[in-house]
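Architecture at a glance
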Amino acid sequence: MVAPHVLVLPFPAQGHVIPLMELSHRLVEHGVKVTFANTELNHGLILGALVSKDGSSSLGGVDMVSIPDGLGDGEDRKNLARLAEAFSEVMPGELEKLIGRVSDCSVSAGSEKLTWLLADASMAWAFSVARKLGLRTAAFNPSSAAMFAMRMSIPKLIMDGVVDDKGLPKRRGTFRLAPAMPPLDTTELSWNRAGDPKGQPIILDLILRNNAATHNAEAVLVNTVQELEPGAFALFPEVMPLGPLVSAEYKPAGSFWAEDDTCAAWLDAQPAGSVVYVAFGSFAIFDRPQLIELAEGLALTSRPFLWVVRPDSASEQWLKDLRHRAGPRGRVVSWCPQQLVLAHASTACFLSHCGWNSTLEGLINGLPFLCWPYFTDQFLNRSYICEVWRTGLQVAPPPGIAGEEAQIVKREVIRGRIEELLGDKEIKVRALALRDVAQRAVSDGGSSRRNLTQFVDLIRG
């Protein structure tokens, strides 16, 4: 039987690329040919971050290609509203051309015919292009099942009077979409926490159009564990959880920045269960006063810490100052192999923005969390950690509504919350119990392992 050939299309952000690349590796392991299409900018970043001796455009058996995103040189790719506009105006035509090129190359090389498009649910506009060209389609959600349920339930939120027809809150306070789901404040809905409030209508419109297009997918996948989110799966039982999509052994996962390989040796030199790991993902930006308070708060704990400060989030002078403040116990790096760090025996806890990838990576290693959400779904993930699973604490209350300035969290508060987290033995017990749930799901006979097999069988059919 000829192996199926899948074209994978992620949303162009680091937190979306990584889990789809992890899933792509699993498909390759099952004999599926995978072509992974990043935007031209991200394609260059990923290849540039790799140390490749042969200059290959294959990443662990995954073929890498690129597609224009429709934005000009120098435009802000973190402006989600501008990206949403480009999806409508430029990318559908570019995707049609890309599918043609990939198909032609497969035919001329005598290799597997392109048969499927596996696209991020935030790129569901692509399904109509794929179907027109005869491809079958599947949607992938890199966020929690609760986040998928929240977005799909926008009409219900409007009907129940939680939000108005513009997606804006009609009342203040927390609500639950269903029993066993995390509580969320009405000011923390993801589409209202996605950057400049002026872009909110564009983002909400894209979500609604993607929701409608997702119904055309033959399968809807989500990077989570059935047993961790029973409330969400009670609402959407047809969704297939495949997570956590975290490698048992390290494979290239499409990082946009070069990873500091010295982190492992530094961790090896630290006592077991001693290190505070600090990382805020690929989007979060702190101003200089808050960075200083964080540096001083970490130093006050008298614990070793490993802190990731992205190259695009602080100037060289700032980084030099932070490294000086870190002193001999702290290590400040630009980017690191996070999965390896979180699995290391010396790592004690994770001070995190609560991105869903980071949440799952910490969870499957049994780590307690100190939560500092920044935008979109991170507030919902924080609610899971602090309110439902009770495996972490929040650093400080977030600003009340999008656009409000957050108050600076002082060094004494940061030090106190770290000590409180690491002194709470019950939090650690619960974190280890969740680790066991997640590990069983991806082991032989586990729920996520069975769903992966079912999906592979579907695309082989």
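Analysis parameters
Just so you know, the residues in each chain are numbered from 1, in the order the chain's sequence is written. With the structure being a predicted model, the display of local features is reserved for residues of pLDDT at least 70 and the display and counting of side-chain atom pairs for 80 or more, all residues being used for whole-chain, interface and lining totals. To get the side-chain values, take all heavy atoms of the structure and skip hydrogens and water. Put simply, DSSP H or I for four residues or longer makes a helix, DSSP E for two residues or longer makes a strand, and each gets a number counted from the N terminus. Computation of the radius of gyration draws on C-alpha atoms, with the globule rule given as 2.2 Å multiplied by the number of residues to the power 0.38. Buried residues are those whose accessible area, probed at 1.4 Å on protein chains only, stays under 20% of the maximum for their type, while exposed residues exceed 50% and partly exposed ones sit between those limits. Residue contacts follow a heavy-atom distance rule, with two residues in contact if any of their heavy atoms lie within 4.5 Å. Areas reported here follow the Shrake-Rupley algorithm with a probe of radius 1.4 Å; residue values treat only the protein chains shown as occluding. Note on charges: Lys and Arg go in the positive column, Asp and Glu in the negative column, and His and the chain ends are not counted at all. To locate a charge, take atom NZ for lysine, CZ for arginine, CG for aspartate or CD for glutamate. For this analysis, a salt bridge means a side-chain nitrogen from Lys or Arg found within 4 Å of a carboxyl oxygen belonging to Asp or Glu. Each nonpolar core is a collection of buried residues, namely Ala, Val, Leu, Ile, Met, Phe, Trp, Tyr and Cys, held together in the definition by side-chain atoms within 4.5 Å. At least two DSSP bridges between two strands are required for those strands to pair. Handedness of a crossover is defined as follows: with both strands directed away from the viewer, a clockwise route from the first strand across the helix to the second makes it right-handed. Residues are said to line a cavity or pocket when one of their atoms sits within 4 Å of a point; the points come from a 1 Å grid over protein atoms alone, cavities being sets where a 1.4 Å probe fits but cannot get out and pockets being open sets with protein on both sides within 12 Å along at least five of seven lines. Grid points are joined across faces, edges and corners, and a volume is the space filled by probe spheres set on the points. Side-chain classes follow a simple rule in which Ala, Val, Leu, Ile, Met, Phe, Trp, Tyr, Cys and Pro form the nonpolar group, Asp, Glu, Lys and Arg form the charged group, and the remainder, Gly included, forms the polar group. For this analysis, a polar contact is any N or O atom pair within 3.5 Å, provided that within protein one partner can donate a hydrogen and the other can accept it, and provided that sequence-adjacent residues contribute only side-chain to side-chain pairs. Axes here refer to lines fitted to C-alpha atoms; in helices the fit is confined to the stretch in contact. Angles between the N-to-C directions go from 0 to 180 degrees. Note on terminology: angles under 35 degrees are roughly parallel, angles over 145 are roughly antiparallel, angles of 65 to 115 are roughly perpendicular, and the others are oblique. Working rule for handedness: look at the near helix, and if it is turned counterclockwise from the far one by less than a right angle, call the crossing left-handed; if clockwise, right-handed. What counts as a ring pair is set by centres within 6.5 Å for rings of Phe, Tyr and Trp (its six-membered ring), and what kind of pair is set by the plane angle: stacked under 30 degrees, edge-to-face over 60, tilted for all other angles.

The helix and strand tally for the protein chain stands at 18 helices and 16 strands. Its C-alpha radius of gyration of 22 Å places the protein chain within 12% of the 23 Å reference for a compact globule of 461 residues. On the principal axes, the C-alpha backbone points of the protein chain span a range of 60 × 55 × 50 Å. Here the protein chain, with 461 residues, has 57% of them falling under the buried criterion. Intrachain contacts of the protein chain at a sequence separation of at least 6 include 72% that bridge at least 24 residues. With the model as given, the accessible surface of the protein chain reaches about 18,900 Å², and the carbon-plus-sulfur share is 53%. Side chains of the protein chain give 45 positive and 51 negative charges; the mean places of these two sets differ by 3 Å.

Here we come to the pattern of salt bridges. Pairs may arise between side chains of opposite charge once their charged atoms sit close together. Scanning the model with the defined rule gives 19 salt bridges in all. A salt bridge links R325 to D321, with the nearest nitrogen and oxygen atoms 3.0 Å apart. Here R325 and its partner D321 are both found in helix α12 (residues 316-326), four residues apart, which amounts to about one turn of the helix. Overlapping salt bridges bring together R288, E296, D321 and R325 as one network.

So, on to the nonpolar core. In this structure, L23, L95, L118 and M150 are the most contacted members of the largest nonpolar core, which totals 127 residues. Here this core gets seven residues from one element, more than from any other, and that element is helix α6 (residues 145-152). Apart from residues lying up to four places away in sequence, L118 is in contact with V6, L7, V8, L9, L20, L23, L27, A138, A139, F140, L221 and F455. In this structure, V276, L291, V309 and A326 belong to the second largest nonpolar core, which totals 30 residues.

Among the structural elements, N365 can be located in the loop between α14 (356-363) and β15 (369-371). On the accessibility criterion, N365 (23% relative accessible area) is partly exposed. Leaving out residues up to four positions away in the same chain, N365 has contacts with L342, A343 and R435.

Here we take up the pairing of strand β13 (residues 330-333). Where strand β12 (residues 305-308) and β13 come together, four bridges link them in parallel fashion. Bridging across to β13, L306 finds its partner in R331. Crossover handedness for the path β12 to α12 to β13: right-handed.

This next bit is on empty space enclosed by the protein. Evaluation of the coordinates by the stated rule reveals three cavities of 30 Å³ or more. Along its surface, the second largest cavity is lined by T359, L363, L367, F369, I385, W389, T391, A431 and L434. Among the secondary structure elements, those contributing two or more residues to the lining of the second largest cavity are α14 and α17 (425-441). For the lining of the second largest cavity, the per-class residue count stands at seven nonpolar, two polar and no charged.

A separate point is the pairing of β12. In regular strands, side chains alternate between the two faces of the sheet. Where burial is concerned, the two faces of β12 agree: the one with F305 and W307 and the one with L306 and V308 are both buried. Of the crossover connections in this fold, the one passing from strand β11 (residues 275-279) over helix α11 (residues 288-300) to the parallel β12 is right-handed.

For E188, the location among the structural elements is in the loop between β8 (184-185) and α8 (200-214). Classification of E188 by relative accessible area gives buried; the value is 7%. Residues E188 and V409, spaced 221 residues apart in sequence, show a C-alpha to C-alpha distance of 19 Å. Reaching out from E188, the side chain makes a polar contact with the side chain of R382 at a distance of 2.7 Å.

This paragraph deals with the packing of α11 against α12. Each pair of packed helices gets described by two things: the angle between the helix axes and the distance between those axes. Orientation of α11 relative to α12, taken along the N-to-C sense of each, is 20°, at an axis distance of 9 Å. Between α11 and α12, the angle is such that the two are roughly parallel. Our pair here, α11 against α12, has a crossing hand that is right-handed. Residue-level contacts link R288, L291, I292, A295, E296 and A299 of α11 to W318, D321, L322 and R325 of α12. Classifying every residue of the contact of α11 with α12 gives six nonpolar, no polar and four charged.

Each aromatic ring pair is characterised by the separation of its centres together with the angle its planes make. Taken as a whole and judged by the stated rule, the model has 14 aromatic pairs. Seen from their ring centres, F350 and F369 are 5.4 Å apart, and the 35° between their planes marks the pair as tilted. Of this pair, F350 sits in strand β14 (residues 347-352) while F369 sits in strand β15, and the two are 19 residues apart along the sequence. Residues Y384 and W389 carry aromatic rings whose centres are separated by 4.6 Å and whose planes lie at 5° to one another, so their mutual orientation is stacked. Each member of the pair, Y384 as well as W389, is classed as buried.

Time to look at the sheet that holds β14. Hydrogen bonding along the main chain pairs the strands of a sheet, whether they run parallel or antiparallel. With parallel pairing, the six strands of this open sheet are ordered in space as β13-β12-β11-β14-β15-β16. Where the open sheet ends on each side, the last strands, each with one partner, are β13 and β16 (392-394). In this sheet, adjacent strand axes meet at a mean angle of 15° when their direction is disregarded. Against the sheet, α14 makes contact with β14 and β15, and its axis sits at roughly 160° relative to β15, the strand it touches most.

Here G243 and P244 are connected by a cis peptide whose omega angle stands at -5°. Phi at R390 is positive, roughly 55°, even though this residue is not glycine. Here R390 shows up in the loop between α15 (378-388) and β16.

A few words now on the side chain of D185. Along the chain, the position of D185 falls in strand β8. In this structure, D185 is buried with no salt-bridge partner, the nearest side chain bearing the opposite charge being R172 at 4.4 Å. Within polar-contact distance, the side chain of D185 engages the side chain of T187 at 2.7 Å. Leaving out residues up to four positions away in the same chain, D185 has contacts with R172, G173 and T174.

Any link to function would need more than the numbers given here.
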